[in-house]
Amino acid sequence: MLQYRTAALAGFATQCWWGGIKVMVLAAFYGGASMAGAPMSLAQAVSYTWLAQGLLALLPWLGDPEVALAVRTGAVAYDRLRPVDAYALWFARSAGWIAARVLPRVALMAAFAAIALPLAGLGDWAWQPPASAAAAVAFLASAVLALLLSASLVMLLNIAAAAALNERGINALAAPVVIVFSGNLLPLALLPDAWQTALLLQPFAGVIDIPARLYFGLMGGAQALVGLGLQCFWLVALVALGHRAMDRTMRKLEVQGG
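Quick caveat, the model's predicted, so the values are computed rather than measured.

Rules of the game
- Residues numbered from 1 in each chain as written.
- Predicted model: local features only at pLDDT ≥ 70, side-chain atom pairs only at ≥ 80, totals over all residues.
- Heavy atoms only, no water.
- Helix = DSSP H or I, 4+ residues; strand = E, 2+ residues; numbered from the N terminus.
- Rg over C-alpha atoms; globule rule 2.2 N^0.38 Å.
- Buried < 20%, exposed > 50% of the residue type's maximum accessible area, 1.4 Å probe, protein only.
- Contact = heavy atoms within 4.5 Å.
- Areas by Shrake-Rupley, 256 points an atom, 1.4 Å probe, with all protein chains shown as cover.
- Lys, Arg positive; Asp, Glu negative; His and termini not counted.
- Charge placed at Lys NZ, Arg CZ, Asp CG, Glu CD.
- Salt bridge = Lys/Arg side-chain N within 4 Å of Asp/Glu carboxyl O.
- Polar contact = N/O pair within 3.5 Å; in protein donor to acceptor, adjacent residues only side chain to side chain.
- Expected span 1.5 Å × (residues − 1).
- Patch = residues over 30% accessible without salt bridge, like charges linked within 9 Å, V, L, I, M, F, W, Y side chains within 5 Å.

Draft legend 1. Representation of the overall build of the protein within the structure. When its secondary structure is counted, the protein shows 10 helices and zero strands. What you see in the protein, going N to C, is helices and strands ordered as α-α-α-α-α-α-α-α-α-α. By the compact-globule yardstick of 18 Å for 258 residues, the protein fits well, its C-alpha radius of gyration being 19 Å. When its C-alpha atoms are laid out on the principal axes, the protein stretches across 60 × 40 × 30 Å. Counting over 258 residues, the protein shows a buried share of 45%. Counted over contacts in the protein with a minimum sequence separation of 6, partners at least 24 positions apart contribute 79%. Approximately 12700 Å² of the protein is accessible, and the part contributed by carbon and sulfur atoms is 70%. Taken as two groups, the 14 positive and 10 negative side-chain charges of the protein have centres that lie 5 Å from each other.

Draft legend 2. Focus on the side chain of K22. Along the polypeptide, K22 turns up in helix α1 (residues 5-32). There is no salt bridge for the buried K22, and the closest opposite charge comes from D209, which lies 12 Å off by N-O distance. Here the side chain of K22 touches Q53 through a polar contact of 3.0 Å, side chain to side chain. Excluding anything up to four places from it in sequence, K22 contacts T49, Q53, N184 and L185.

Draft legend 3. Structural detail: helix α2 (residues 42-54). Counted at 1.5 Å a residue, the expected span for α2 with its 13 residues is 18 Å, and the 18 Å between its end C-alpha atoms agrees. Within the sequence span of α2, burial applies to A45, V46, S47, Y48, T49, W50, L51, A52, Q53 and G54. Those residues of α2 that are buried lie in contact with α1, α5 (86-119), α6 (133-164) and α9 (209-216).

Draft legend 4. Main features of a nonpolar patch on the surface. Taken together, the side chains of V177, V180, F181, L185 and L186 make up a nonpolar region of the molecular surface, amounting to roughly 370 Å² of accessible area. The residue L185 is located in the loop between α7 (168-181) and α8 (196-201) in this model.

Draft legend 5. Representation of unusual backbone geometry in the model. Phi angles above zero are rare outside glycine, and L165 is one such case at about 65°. Owing to a relative accessible area of 18%, L165 belongs among the buried residues under this scheme.

Draft legend 6. Structural context of the pattern of salt bridges. Summed over all chains, the structure comprises three salt bridges. A salt bridge links E167 to R72; its shortest N-O distance comes to 2.8 Å. Placement of E167 in the loop between α6 and α7 and of R72 in helix α3 (residues 65-73) is noted, with a sequence separation of 95 residues between them. Residue E167 is classed as buried on the basis of its relative accessible area, which comes to 16%. A salt bridge links R213 to D209, with the shortest nitrogen-to-oxygen separation between them at 2.4 Å. Residue R213 and its partner D209 are both found in helix α9; the two are separated by four residues, about one turn of the helix.

Below, the structure is given as structure tokens:
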């Protein structure tokens, strides 16, 4: 995946375009409403947007295309016969697929939004640095957990594709759910107060929203540990669920092609 530099550049350009649109919408929203007591400032919301755009490829809205291809061609039977744990093999492959798409794009986004925009005199529209050194360390730890959590969610899509012998339906259903509940469409903190506990506890928050809250220092001290703990909890729970579902799916595997 790291060899596809044109794909990374194209994805970066698209994410910059949509990031700019989102930033302008947020600026209009903050400028046209009384935001006294808002859970985050406009500068934080703008940085959240660039961060979410940089980590867009982290979202588990698509199954691994190599797994989907193997299911369609019948090559999935080889993974069933290998002398390794099939879940661990697919998990490692999915995690690598996600990381190889995220790393170049987030680096390009940081160079553009955190460096180029301030140099161009657009500091108000730029990606701001972490709230503190402790927030930066917590964010990095959370980002690693977010990658693993995303891979565990992608694994559920992979397993569903193997069971259904086609990935299109599950991918179409997953995309809107993931975009909204991860915080990519809008920071979850800006949604109604009555929803906040449920939004924080659901697994998709651990992919984008919790790392972002740690980045801005909105979750510090004991709250930071709670955020990291939620990510760990969902990672363990989803891996256990996925492993069990994988075993059941492989026992009933039907191979097409070959």
